[in-house]
There are 4 protein chains.
Amino acid sequence: MARAAASKSQTRIQREKTEQILAAALVVFSKYGFRGSTIDQIANEAGLSKPNLLYYFDGKDEIHARLLARMLDTWLAPLRTLDETGDPVEEILGYVTRKLEMARDYPRESRLFANEILQGAPRVIDQIKGPLKNLVDEKAEVIRHWAAEGKIADVDPYHLIFSIWATTQHYADFNAQVSVILGPRADDWFDGARSYLTKLFICALRPAKA
Amino acid sequence: MARAAASKSQTRIQREKTEQILAAALVVFSKYGFRGSTIDQIANEAGLSKPNLLYYFDGKDEIHARLLARMLDTWLAPLRTLDETGDPVEEILGYVTRKLEMARDYPRESRLFANEILQGAPRVIDQIKGPLKNLVDEKAEVIRHWAAEGKIADVDPYHLIFSIWATTQHYADFNAQVSVILGPRADDWFDGARSYLTKLFICALRPAKA
Amino acid sequence: MARAAASKSQTRIQREKTEQILAAALVVFSKYGFRGSTIDQIANEAGLSKPNLLYYFDGKDEIHARLLARMLDTWLAPLRTLDETGDPVEEILGYVTRKLEMARDYPRESRLFANEILQGAPRVIDQIKGPLKNLVDEKAEVIRHWAAEGKIADVDPYHLIFSIWATTQHYADFNAQVSVILGPRADDWFDGARSYLTKLFICALRPAKA
Amino acid sequence: MARAAASKSQTRIQREKTEQILAAALVVFSKYGFRGSTIDQIANEAGLSKPNLLYYFDGKDEIHARLLARMLDTWLAPLRTLDETGDPVEEILGYVTRKLEMARDYPRESRLFANEILQGAPRVIDQIKGPLKNLVDEKAEVIRHWAAEGKIADVDPYHLIFSIWATTQHYADFNAQVSVILGPRADDWFDGARSYLTKLFICALRPAKA
DNA sequence: AATGAATGAGTTTTCATTCAT
DNA sequence: AATGAATGAAAACTCATTCAT
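Just so we're clear, the structure is a prediction, and the values are computed from it rather than from any experiment.

Conventions adopted
- Residues numbered from 1 in each chain as written.
- Chains lettered and ligands numbered in written order.
- Predicted model: local features only at pLDDT ≥ 70, side-chain atom pairs only at ≥ 80, totals over all residues.
- Heavy atoms only, no water.
- Helix = DSSP H or I, 4+ residues; strand = E, 2+ residues; numbered from the N terminus.
- Expected span 1.5 Å × (residues − 1).
- Buried < 20%, exposed > 50% of the residue type's maximum accessible area, 1.4 Å probe, protein only.
- Least-squares fit on C-alpha atoms with pLDDT ≥ 70 in both.
- Contact = heavy atoms within 4.5 Å.
- Domains from an automatic or database assignment.
- Buried area = accessible area lost by both parts, 1.4 Å probe.
- Near = heavy atom within 4 Å.
- Polar contact = N/O pair within 3.5 Å; in protein donor to acceptor, adjacent residues only side chain to side chain.
- Nonpolar A, V, L, I, M, F, W, Y, C, P; charged D, E, K, R; others polar.
- Salt bridge = Lys/Arg side-chain N within 4 Å of Asp/Glu carboxyl O.
- Disulfide = S-S within 2.5 Å.
- Bend = angle between axes of the 7 residues up to and from the residue.
- Phe/Tyr/Trp six-rings, centres within 6.5 Å; stacked < 30°, edge-to-face > 60°.
- Lys NZ or Arg CZ within 6 Å of the ring centre and 35° of its normal.
- Axes fitted to C-alpha atoms, helices over the stretch in contact; angles between N-to-C directions.
- Parallel < 35°, antiparallel > 145°, perpendicular 65-115°, else oblique.
- Left-handed = near helix turned anticlockwise from the far one by under 90°.

With that settled, the discussion passes to helix H6 (residues 107-118) of chain B. Residue and element names in this part refer to chain B. Spanning 12 residues, H6 covers 16 Å between terminal C-alpha atoms, matching the ideal 16 Å at 1.5 Å per step. Of all 12 residues making up H6, 10 are buried, and the element is well covered by its neighbours. After H6 finishes, the residue Gly120 shows a positive phi value of roughly 90°.

Set out below in structure tokens:
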């Protein structure tokens, strides 16, 4: 009962179709949420028949799980690169920028994740409790050190991280609203946001004068 | 086939049941999203039979629409109170605090709204384009004036508002994640968040020294 | 989520439909086996729509389970009446006759049960290990006593019981074959079988001459 | 589209694969019944790919048909050996023993057959009406002669045969039940059954004293 | 107003079978 | 001969909605 997607050595077609399906699933899931999406929609978007799609994946759940799993790595990558030996303010601002770029370049991934968390993270709670929390704890410690050494202002590292996530992902997750409000300037949200957020966080991080 | 909900003069019972249903719908919709929720769940939560629920509302769509409609007012209230004659920094910080309180006191409402926007706001796009945008434009103008007059720092008012929304609602919308990351301190997120955000925005708004 | 079939106080309609469905399910399951039967067939046989049928039962499994459960009692009734204070040979012959009557009067029930056991009893194994085994053990003990006291021949009570089950149920379970082989006399199989089996078991049970 | 299975002269490989498939099909069909078995299961059990399996057989139906066809011969073999020139009681007891050995050695074959008959013998009805009935009629005639000549008791030969079939096959067909009821002694059912059945049928056949 | 009953239109999934190589 | 890929038809179940009372 070896399923194609599970075998170690995949054929070219298998890889292609798997990618095709995951790409289609991302489009659909990020738009309608898990429950709101149908396999039909995904199959359609992928240009496959429903049974053919199910030849590659065991079901809706598995597609979703695979999507989220592969996403989490990418999602955490920017935080991982936060370097404790680098310049603190620069490091954090760099993180903000990278997150903002991700919101621009991978808005659907962001919405997929947001959808999941919004509904209580039923399917990724383990990964949040494990890898994600560990990474955040680690980097929070780095930030705390910087603050203790006076290299940055005395901020709570967790709330700092939350605010970075929130402000950057907002442009992807709530794009429907942002677009309407920015009106004709919506297409250039990125530059405005970067400029604003850079100022915001520079200010927040600048160490108090001695 | 006069439906209760349509008639102008509702009896007390009608009003009560309507409230009961909307309250139940909020619980369910905010948890599972629109498509993920079933009328059965809502009826159950409301303690009514499904047909009885549908006596008061034309259907799932209508319940959802009514819920969002009534919420939007509440949702925008804090921004409405932003007083152009008040102290700029105080006004904005007050707005931040009120939004944070709403995230604490009405997390389900926040998630309901977030769910809707996330999926492209299909059912509230009109209200976003109308009342919401108008209000934001109006208050953005106020903020711009403050900035022009040097009463606050020179920030883009729209991105400022986005950042306030994002940072405050984050605690409601992404609560599943916040809880895990804060661990045992999760219950007290409010104080930590208020303290952090107050500092963040004070700093961002403090006018540059002349 | 209270399902009709589960509530304690059923309406007349509920009882009727439930019976209707179980009767239809017996016809279908006994003919095609569990996997070979479809809800469509049962609904059709019952004169109901499929969703309506599923309004009364949670699914195919539940229908099958309910059928088997209610049947087991009936099925074991004849053995239960085996009276240790009665005349041994008469008691056992009476049991044979009652089992044969059941094969005549409830052939579909017999086949339903046979089907289940044949496939390893996946859904009734617990009831076999429990109530059925207990009852058989109890009655086997009775028979053993009779044999020990010389009231019947020295037979293994378990194999005796097996042979009674086998020979009587054969007429129901393998009716398709029996009918063909008996040809025109098939309709009267009962009398022939009773006569034959009576002789068979009288002979087997008659205590050896002292 | 010459199919392997149809061609007269099969290569060694073809014969081997055919056997492999039939062996696998026996395992699966006897366990789950015809409808409950899938080609996937059979292919898996046979260690072949599904399309490859279907290269050798036209479909599920054909595999099943072939299996039953080849089985029927084996199945009837013991009865065929019933020799009218032999000692009547010995011949019949020998038949009982051989049937019991088959129940022990080929329980899956027995269950496959039982499954089929239980469901009305849709796929073997012709062979039952033909070869099987003919053989039974022939041997019944032999038995009747023996009875008429007073060599055995005056029993109905058809019901005698039924009872032999029933009592012996019971151990294979209803093994799930037998095992539970015999408990720890289940592994040795054969000796107990042979001893019991031998006594049972000796007694039934012993001619009445003159 | 209220509810038990019913249903049509999906939605996921399974599976025998075919296609292409 | 063999297999990866594909599919149409069915099957189980779900759910918003309607019916009847």
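Read on for the rest.
Right, let's talk about the relation of the copies chain A and chain B for a bit. For these two chains of identical sequence, chain A goes onto chain B by a turn of 179° and a shift of 0.0 Å along the axis, with RMSD 0.2 Å. The symmetry that links the two subunits is that of a two-fold axis. Measuring from the rotation axis to each C-alpha of chain A, the shortest distance belongs to A:Ala166, at 2.6 Å. Comparing interface residues between copies, 100% of those in chain A also sit at the interface in chain B, which points to an isologous, same-surface contact.

Before going further, it helps to examine the domain arrangement of chain A. Residues and elements named next belong to chain A. Its domain assignment divides chain A into domain 1 (4-58) and domain 2 (67-205). Taken over C-alpha atoms, the centre of domain 1 sits 29 Å from the centre of domain 2. Facing 9 residues of domain 1, the contacting portion of domain 2 comprises 8 residues. Roughly 860 Å² is buried in total at the junction of domain 1 and domain 2, and carbon and sulfur atoms are behind 64% of that figure.

We now examine the protein's contact with DNA strand E. Not every one of the 36 residues close to DNA strand E is listed here, only the nearest: A:Lys50, B:Gln14, B:Tyr56, C:Gln14 and C:Lys17. If you look at DNA strand E and keep only atoms within 4 Å of the protein, 58% of those are sugar or phosphate atoms. Measuring from a phosphate oxygen of DNA strand E, one finds a backbone N or O atom of A:Ile39 at 2.9 Å. Residue D:Lys50 places a side-chain N or O atom 3.2 Å away from a base oxygen belonging to DNA strand E. Those elements that provide at least two residues to the surface near DNA strand E are helix H2 (39-46) and helix H3 (50-56) of chain A, helix H1 (12-36) and helix H3 (50-56) of chain B, helix H1 (12-36) and helix H3 (50-56) of chain C together with helix H3 (50-56) of chain D. Across the surface near DNA strand E, the residue classes tally to 13 nonpolar, 14 polar and 9 charged.

In this section: the pattern of salt bridges. Any two side chains of opposite charge can pair if their charged atoms end up close together. All names here are of chain A. Counted under the stated rule, the structure contains 44 salt bridges over all chains. Between Lys50 and Asp40 there is a salt bridge whose closest N-O contact spans 3.3 Å. On the criterion of sequence distance, the pair formed by Lys50 in helix H3 and Asp40 in helix H2 is long-range, its members being 10 residues apart. Classification of Lys50 as partly exposed rests on a relative accessible area of 35%.

As a further point, take the interface of chain A and chain B. Taken together, the contact between chain A and chain B spans 55 residues of the former and 55 residues of the latter. Interface area, chain A with chain B, both sides summed: about 4600 Å², of which 70% is carbon and sulfur. Considering only the surface of chain A that becomes buried against chain B, A:Leu118, A:Ile181 and A:Tyr196 emerge as the three largest contributors, covering 16% of it. The interface formed by chain A and chain B holds 0 salt bridges in total. Applying the counting rule to chain A against chain B returns 12 residue pairs in polar contact (both at pLDDT 80 or more). At the level of secondary structure, the elements contributing two or more residues to the side of chain A that touches chain B comprise helix H1 (12-36), helix H6 (107-118), helix H7 (125-148), helix H8 (157-173), helix H9 (175-182) and helix H10 (189-205) of chain A. Classifying every residue of the side of chain A that touches chain B gives 30 nonpolar, 14 polar and 11 charged.

This part is about unusual backbone geometry. Even without a glycine there, the phi angle at C:Ala121 is positive, about 55°. Examined against the element boundaries, C:Ala121 turns out to sit in the loop between helix H6 (107-118) and helix H7 (125-148).

This brings us to the state of the cysteines. One pass over the structure, following the stated rule, counts 2 disulfides over all chains. A:Cys203 shares a disulfide with B:Cys203; S-S distance 1.5 Å. Given an S-S torsion of about -130°, the disulfide between A:Cys203 and B:Cys203 has left-handed geometry. Residue A:Cys203 is found in helix H10, and its partner B:Cys203 is found in helix H10 (residues 189-205); the two belong to separate chains. Residue B:Cys203 is classed as buried on the basis of its relative accessible area, which comes to 13%.

It is worth spelling out the protein's contact with DNA strand F at this point. Around DNA strand F sit 35 residues in total, of which A:Gln14, A:Lys17, A:Tyr56, D:Gln14 and D:Tyr56 are the nearest. What you see for DNA strand F is that sugar and phosphate hold 59% of its atoms within 4 Å of the protein. For DNA strand F, a phosphate oxygen lies 2.6 Å from a polar atom in the side chain of A:Tyr56. At a separation of 2.3 Å, a phosphate oxygen of DNA strand F approaches a polar side-chain atom of D:Gln14.

For H1(B), spanning 25 residues, the distance from its first C-alpha to its last is only 31 Å, which falls clearly below the expected 36 Å at 1.5 Å a residue. Remark: the principal bend of H1(B), roughly 85°, maps to B:Ser30.

Once that is clear, we can look at the packing of aromatic side chains. Working definition: an aromatic ring pair is given by the centre-to-centre distance plus the angle between the planes. As enumerated under the stated definition, the model contains 28 aromatic pairs over all chains in all. On the numbers, 6.3 Å between centres and 50° between planes, the contact of A:Trp75 with A:Phe113 is tilted. Highlighted residues: A:Trp75 in helix H4 (residues 60-80) and A:Phe113 in helix H6, separated in sequence by 38 residues. This pair shows no difference in class: A:Trp75 is buried, exactly as A:Phe113 is. One residue, C:Arg123, lies across the ring of C:Phe34, its end atom 3.9 Å from the ring centre.

A separate point is the packing of helix H5 (residues 88-105) of chain C against helix H10 (residues 189-205) of chain C. Working note: a packed helix pair is described by the angle between its axes plus the distance between those axes. Residue and element names in this part refer to chain C. Packing of H5 against H10 brings their axes to within 10 Å, and their N-to-C directions diverge by 155°. By the angle between their directions, the pair H5 and H10 is classed as roughly antiparallel. Crossing hand, H5 versus H10: right-handed. Contacts from Val89, Ile92, Leu93, Val96, Thr97, Leu100, Glu101, Ala103 and Arg104 in H5 reach Trp189, Phe190, Ala193, Arg194, Leu197, Thr198, Phe201, Ile202 and Leu205 in H10. A breakdown of the residues in the contact of H5 with H10 according to their chemical character gives 13 nonpolar, 2 polar and 3 charged.

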